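Fold and geometry: a report
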Amino acid sequence: MNNLKGLTSQEVEQSRQQYGTNALTQIPPDPLWKKILEGFKDPMIMILLVAMVVQIILFAIGQAEWFEPVGIFIAIIIANGVASFSENSQEGKASALKAEELAKEMAKVVRDGELREIHVSDVVVGDIVYLQAGDKIPADGEIVEGEAKVDQAALNGETEEADKVPNVNGDTYDIKDLLNTHYAYRGTVVCGGESHMEVKVVGDKTLFGELALEVQEDQRQTPLQVKLAKLAQQISTFGYIGASAIVVGIILRALIMGELPGDLFGWIKFLLNAITVAVTIIVCAVPEGLPMLTSILLSFQSMKMAKDNVLVRKINGLETAGSLSLLFSDKTGTITEGRLSVVELVTGNVTKFSKLSELVPELSLDVITGIGLNNSAQASAGQVIGGNSTDRALMAFIVDNQAENKMNKDEVREFNAFNSTKKMSSVTICRDGSFCTYVKGAPERIVERCTHYIDETGKVRELTEKGYLMQYIDEQAARSMRLLGVAKRDGESDEGDLTLVCVLCIRDNVRKEAVDAIKEVQDAGIQVVMVTGDRKETAVAIAKDAGLLKNPEDVALTSQEMGEKSDEELKKIIPHLRVVARALPTDKSRLVRCAQELDYVVGMTGDGVNDSPALKKADVGFAMGSGTEVAKEAGDITILDDNFSSIAKAILYGRTMFKSIRKFLIFQLTVNVAAVLTCFLGSLMGEDHMMTVIQLLVVNLAMDTLAAIAFGSEPALKEFMKDKPIPRSESIVTKGMLAEVIISGLYITACCLCIRFVPALNDIFGGQDTTYLRAALFATFMMAITFNGFNARTDKLNPFENLGRNKNFLYVMGALLLIQFVFVTFGGNFLSVEPLNVVTWLVCLCMAFIVVPIDVIRKICMGKK
């Protein structure tokens, strides 16, 4: 054929000008500066911005020190910057991996009559691409010469290979139908044969490219984002109300005490003083470290998860994984091993075996010859090379049984590959001077021709009763087994009567660890639904083995059955849905949408381009490490070993992180409540500057950063998988947490007020001046908050439970006590403090530590164990 000379250099350029390149559009992630700007929309950051503006105005008129607005500015930059840098770093790692993969993609094309290897992106419409086994098809096009078997799982999820042949009769066909026999698609893989393909479509216009573009959609907010946004709104309201109340309170106090100013200048000074206290209250109310905490936690957990074969690509994916309530999982390679394996072999009298070592030597040799030499795959150094999926499974069975050295290829005289008409393949060997032909193929065809069989002792017996064997074959077929008959006959022909060697059962086996992982996820209150392109019978059999179908009310649907139902009907079925068979890409997206409308937090696993839209729409997308780059791009988390048990680990880490955030919130909100109440009540009692803005910023930032590391190091306990999923609408702060915050906050407030206003305590401190008492108050406040960290880290009665598994916590708490000593001793005018004597330190330490037994009493009253 003349066109197999390919395009000339001039024609290549013309085609590129007319139809474009084969490069896929890559939408770059937001640059770092844009992420930082987006961060300023956070409600908590906005409150700080308001406080900073007020401080700048106060500084401009001489009512505030320069370092007060600068301190708030630094707090904003740290809180916002850490989150942005963390996400940018994760995206950078993912981009580097992607670029490395893309650089390796090459294609063989015929140009100017010569075969050349070029980069995939240089392929143009009209190119003749030479395809061999193992090649990834670089563009969409029509087969013009030769034959090929193509694995299209990347596009349709089907494990069965598709035959692709030239359209010699000029028949019309639908290129959107992936099962057509003439058109090949970008991203699919050639499994066997050799052929030439004429490129018809390139780049974004290929089916692969269209699906890749579809994943560029916005996602809805993650459950944690929803909860934190709600909390931020509540905190900002609390801060603004508190600030307004303090201004009103100061005015009322002055009115009652008869201290209202008498002139305009006095009023200005009076109001500025009230506003300064109000700004202090706002700074008290805002947990500056919260945006930073989530980033530190996510980064910390991401590093730990990488060791467990889980790559967190999008930082919010991890926390969402912890809130999952419904998980749609692929079958092939995730729940199953992703490759066919020999499960069982039986003789003509249905004696069952699972290993070659269980067979007598004569029968074992016949099986090895019948499936090893009669095989298009090859074994080399313990690896299986070439062949179709069935032949690879048979050869892997021989390799796994360490029997490849018993295959003597020198005995082979003729090999006939699988013939679709005869439904079998054959090999003729010469052993000890005698010719023998072995055949393997469809069991019903082979058993029909068998007059004898070899029994378990290796003796040849007459096969008179075939009913029992055929019943076994039917039963195994119902269990979704792929069956293969192996027989032999003397001579060089495969025609005539046969002697049955065995019948083999082959299946993509359920991963052993997946069964345990599925049970663990189900026990965690997460509904697991298997979505597969396989037929319903196969899907149901696998689902039963995997523990997905257990109860009479459990439902298995096909794509067709699902398509016949309205969205409302489907929503009623979803709570009982366990299997979707013959699934199409559109089915997955519809399932995700309907489940989200029912307020499920939805996870989706996938590896193919066809999975990408659903991966993108799901609350968290788990892309498989062996999958396509488009799927990885769409997913939030990449499961590097394609194993369902790694998904369970991601869920556990997500839950651990969510619990760590709640622990941190108890710690942080206690700081805020105690600080607000101390400043508010102190100002009403006559002291407008119980704590300064800089002191509060130091407390929040220094303690929050270290506390984030401490709580971020909390161990991932298996007991977390026994909890039920937290609903999207549930508040992040529970009633129990609120009680703990209020009780601890009230005690710390009482300590601070006593230090400042109780004369007897002042006498213990030696009747010192205001700065000394403020230093004692600051020291007690910081130590009490530090000790309260032990209360916050567990809801168990013993505040030191599992502490040995989080040494970072001990290091951080020790560091916090040391830091506050340094702050108080050397803070001077900057922190409005002065050094304390030993007696004062001991009194402050005792007052601060009492917060621990107080919370133990609270836990006893609440029935904690």
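Everything in this summary refers to the structure shown in the same document. Model, not experiment: these values are computed from the prediction. (Residues numbered from 1 in each chain as written. Predicted model: local features only at pLDDT ≥ 70, side-chain atom pairs only at ≥ 80, totals over all residues. Heavy atoms only, no water.)

Positive phi, close to 65°, is recorded for N309, a residue that is not glycine. Following the sequence through the fold, N309 ends up in the loop between helix 9 (290–306) and strand 8 (310–312). On the accessibility criterion, N309 (34% relative accessible area) is partly exposed. One non-glycine residue with positive phi stands out, namely R582, at about 55°. As for its position among the elements, R582 is in the loop between strand 23 (577–581) and helix 19 (585–597). (Helix = DSSP H or I, 4+ residues; strand = E, 2+ residues; numbered from the N terminus. Buried < 20%, exposed > 50% of the residue type's maximum accessible area, 1.4 Å probe, protein only.)

Glancing now at the pairing of strand 16 (residues 434–441). Judged by how many residues are buried, strand 16 sits mostly within the fold: six of eight residues are covered. Relative to strand 16, strand 15 (residues 424–431) is paired through eight bridges, and the arrangement is antiparallel. The partner of S425 across the bridge, within strand 16, is K440. Between strand 15 and strand 16, which follow one another and run antiparallel, lie two residues, and D432 among them has a positive phi close to 55°. Bridging between strand 16 and strand 19 (residues 482–490) involves six bridges; their strand directions are antiparallel. (Pairing = 2+ DSSP bridges.)

Another aspect to go through is the pattern of salt bridges. With the rule as written, the count across this model stands at 31 salt bridges. A salt bridge links R461 to D455, with the shortest nitrogen-to-oxygen separation between them at 2.5 Å. Note on D455: relative accessible area 3%, which makes it buried. Note that R593 is salt-bridged to D567, the shortest N-O span being 2.9 Å. Of the two residues, R593 sits in helix 19 while D567 sits in helix 18 (residues 567–573), which places them 26 residues apart along the sequence. The partly exposed category is assigned to R593, whose relative accessible area is 33%. The partly exposed category is assigned to D567, whose relative accessible area is 24%. Ionic contacts of the salt-bridge type, sharing partners, join the residues D567, E568, K571, R590, R593 and E597 into one network. (Salt bridge = Lys/Arg side-chain N within 4 Å of Asp/Glu carboxyl O.)

The next subject is the side chain of K859. Within the secondary structure, K859 is located in helix 30 (residues 851–861). Among the residues examined, K859 registers a relative accessible area of 1% and is labelled buried. Here the side chain of K859 touches K796 through a polar contact of 3.0 Å, landing on its backbone oxygen. Apart from residues lying up to four places away in sequence, K859 is in contact with N791, T794, D795, K796, L797 and K864. (Polar contact = N/O pair within 3.5 Å; in protein donor to acceptor, adjacent residues only side chain to side chain. Contact = heavy atoms within 4.5 Å.)

Another point: the environment of A739. Structurally, the position occupied by A739 is in helix 24 (residues 735–757). Residue A739 is classed as partly exposed on the basis of its relative accessible area, which comes to 27%.

Remember, this is a structural readout, not a statement about activity or role.
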